2 protein chains.
Amino acid sequence: MKKQHVSNAVIRRLPRYYRYLDDLHLKGSVRISSGALGEKMGITASQIRQDLSCFGEFGQQGYGYNVDELRNEIGHILGIDERHRIIVVGVGNLGRALIHNFHFNDAGFLLEAAFDVAPALVGGEVEGVPVLDVAELERFVPAHQPHVAVLTVPQQVAQQTADRLIALGIPGIWNFTNVELSSRGKDVKFEDVHFADSLLTLSYRITRQ
Amino acid sequence: MKKQHVSNAVIRRLPRYYRYLDDLHLKGSVRISSGALGEKMGITASQIRQDLSCFGEFGQQGYGYNVDELRNEIGHILGIDERHRIIVVGVGNLGRALIHNFHFNDAGFLLEAAFDVAPALVGGEVEGVPVLDVAELERFVPAHQPHVAVLTVPQQVAQQTADRLIALGIPGIWNFTNVELSSRGKDVKFEDVHFADSLLTLSYRITRQ
């Protein structure tokens with residue numbers, strides 16, 4: 001893989017490429033042109049060629065892309081084949097919804113454990129995932145070295161919980177708390193899920209378009 | 001407001017502008033330069049000026065932007081002051097999590113009702129929001145004309161539920177089902193929430209950066 005700088009916008013499009021290619025793969029498509037893929041995704045063929053050129057040479061003039069090959073390459077670039085380990089911290093409605101409905105496996109993640117403070121939950125399971133006491137993080141994380149923590153705790157304890165996870169060496173935090181988290185200088189990757197941004201985009205469209 | 005074509009990328013950045021300006025507003029900031037705002041948001045000052053030029057003239061050479069004014073203008077562009085009405089269809093874990101935790105009000109939406117098929121839920125309330133039988137959609141929607149339906153039903157009934165809402169004239173669907181919905185030719189705006197795209201972006205970052 002080339003080592004050039006990859007812009008944020010390109011990184012954000014990679015999962016979409018993967019999603020569309022995976023869909024084509026499931027439908028049995030063998031090849032697709034950059035034009036046809038662009039039409040599906042609502043972007044131009046030249047945008048696709050430019051995006052992919054950040055990572056190497058893909059596709060063939062006059063043939064297009066081999067769907068499986070490109071899907072696997074992009075999956076590899078995204079780290080889907082790394083079998084990252086993930087934990088959920090906060091088993092309220094949202095944490096529970098993610099454990100029940102989100103396909104961690106399809107994204108290449110192995111969901112190892114969930115954590116909460118509620119005595120009614122601790123010691124139990126959600127969809128086969130053990131729920132441990134948050135106090136166990138200091139034992140569990142060094143022993144299992146999860147790559148990502150899903151942060152679904154209440155806002156008031158968001159930063160302090162993040163601080164604990166960061167001190168324990170977690171490389172990535174998938175942040176659903178709507179709190180802008182600080183890493184206090186440590187190299188941690190945050191991915192914030194902002195539901196409001198999504199709804200406001202829809203608000204714009206029904207208001208102005 | 002000017003009526004020129006506004007690109008998808010600009011539309012997607014508007015809620016982020018609003019979020020950052022709202023934060024500055026809450027912190028008591030009175031004005032900000034495009035350079036300082038860009039630095040906060042990780043984009044260039046010229047990008048900001050270009051984005052905002054789609055909607056008119058904002059800010060003043062040598063002064064920058066008045067935080068409150070720009071926040072209110074962007075809020076208006078996004079339709080936050082329209083007091084849109086919204087309903088939640090599907091009161092499982094995810095629907096319940098949104099009703100409990102998402103600040104519909106801050107996004108300018110009035111949450112009027114929720115719908116489910118489960119007899120244990122129908123007739124009750126979640127956070128003061130009445131839960132009605134899904135069978136009541138055909139009575140409720142024409143009477144209350146909600147602008148947006150949050151779709152948090154199981155995948156197997158996603159398209160058929162969307163079809164009913166579309167037939168009833170709902171202008172926007174905030175789609176959490178991970179099913180690519182079709183509007184069958186009607187002019188409906190879909191906003192899909194793809195959790196996997198977000199997690200895969202994080203996966204890329206912890207793998208490659």
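1. Describing the overall build of chain A
Phase 1 of the analysis: Within chain A one finds eight helices and nine strands.
Phase 2 of the analysis: Taken along the three principal axes of its C-alpha coordinates, chain A extends 60 × 45 × 35 Å.
Phase 3 of the analysis: Of the charged side chains in chain A, 21 are positive and 24 negative, and the gap between their average positions amounts to 6 Å.

2. Re the sheet that holds strand E8 (residues 172-175) of chain A
Phase 1 of the analysis: The mixed open sheet is built from seven strands, whose spatial order is E5-E6-E4-E3-E7-E8-E9 (chain A). Two strands close off the open sheet at either side, each with one partner strand: strand E5 (125-126) and strand E9 (189-192) of chain A.
Phase 2 of the analysis: The pairing of strand E4 (residues 109-116) of chain A with strand E6 (residues 129-133) of chain A spans three bridges and is classified as parallel. When the sheet's bridge partners are listed, A:Ala114 is paired in E6(A) with A:Val131.
Phase 3 of the analysis: Docked against the sheet, helix H7 (residues 158-167) of chain A engages strand E3 (84-89), strand E7 (148-151), E8 and E9 of chain A, running at close to 170° with respect to E7(A).
Phase 4 of the analysis: Against the sheet, helix H8 (residues 195-208) of chain B contacts E3, E4, E7, E8 and E9 of chain A, and its axis sits at roughly 170° relative to E9(A).

3. Describing the relation of the copies chain B and chain A
Phase 1 of the analysis: Its rotation angle being 180°, the transformation that places chain B on chain A also includes 0.0 Å of axial translation and leaves an RMSD of 0.0 Å. Such a combination of turn and shift is consistent with a two-fold rotation axis.
Phase 2 of the analysis: Most of the interface of chain B is mirrored in chain A, where 100% of its interface residues again form contacts.

4. Concerning the packing of helix H1 (residues 8-26) of chain B against helix H4 (residues 67-78) of chain B
All names here are of chain B.
Phase 1 of the analysis: Where H1 meets H4, the closest approach of the two axes is 9 Å, and the angle between their N-to-C directions is 145°. The hand of the H1/H4 crossing is left-handed. For the pair H1 and H4, contact is made by Leu14, Pro15, Tyr17, Tyr18, Leu21, Asp22, Leu24 and His25 and by Val67, Asp68, Leu70, Arg71, Ile74, Gly75, Ile77 and Leu78, respectively.
Phase 2 of the analysis: Across the contact of H1 with H4, the residue classes break down as 11 nonpolar, two polar and three charged.

5. Some points on the interface of chain B and chain A
Phase 1 of the analysis: The interface is formed by 58 residues belonging to chain B together with 58 residues belonging to chain A.
Phase 2 of the analysis: Together chain B and chain A conceal approximately 5100 Å² of surface at their shared face, both sides included; 65% is due to carbon and sulfur atoms.
Phase 3 of the analysis: If you sort the residues of chain B by the area they bury against chain A, B:Leu199, B:Leu200 and B:Tyr204 come out on top, with a joint share of 13%.
Phase 4 of the analysis: Counting every contact that joins chain B to chain A gives four salt bridges.
Phase 5 of the analysis: Across the pair B:Glu191 and A:Arg205 runs a salt bridge, and its minimum N-O distance is 3.7 Å.
Phase 6 of the analysis: Across the contact surface, chain B and chain A share 20 residue pairs in polar contact (both at pLDDT 80 or more).
Phase 7 of the analysis: Elements represented by at least two residues in the side of chain B that touches chain A include exactly H1, H4, strand E3 (84-89), helix H5 (93-101), strand E8 (172-175), strand E9 (189-192) and H8 of chain B.
Phase 8 of the analysis: Here the element with the most residues in the side of chain B that touches chain A is H8(B); it accounts for 14 residues.

About the thresholds
Residues numbered from 1 in each chain as written. Chains lettered and ligands numbered in written order. Predicted model: local features only at pLDDT ≥ 70, side-chain atom pairs only at ≥ 80, totals over all residues. Heavy atoms only, no water. Helix = DSSP H or I, 4+ residues; strand = E, 2+ residues; numbered from the N terminus. Lys, Arg positive; Asp, Glu negative; His and termini not counted. Charge placed at Lys NZ, Arg CZ, Asp CG, Glu CD. Pairing = 2+ DSSP bridges. Contact = heavy atoms within 4.5 Å. Axes fitted to C-alpha atoms, helices over the stretch in contact; angles between N-to-C directions. Least-squares fit on C-alpha atoms with pLDDT ≥ 70 in both. Left-handed = near helix turned anticlockwise from the far one by under 90°. Nonpolar A, V, L, I, M, F, W, Y, C, P; charged D, E, K, R; others polar. Buried area = accessible area lost by both parts, 1.4 Å probe. Salt bridge = Lys/Arg side-chain N within 4 Å of Asp/Glu carboxyl O. Polar contact = N/O pair within 3.5 Å; in protein donor to acceptor, adjacent residues only side chain to side chain.

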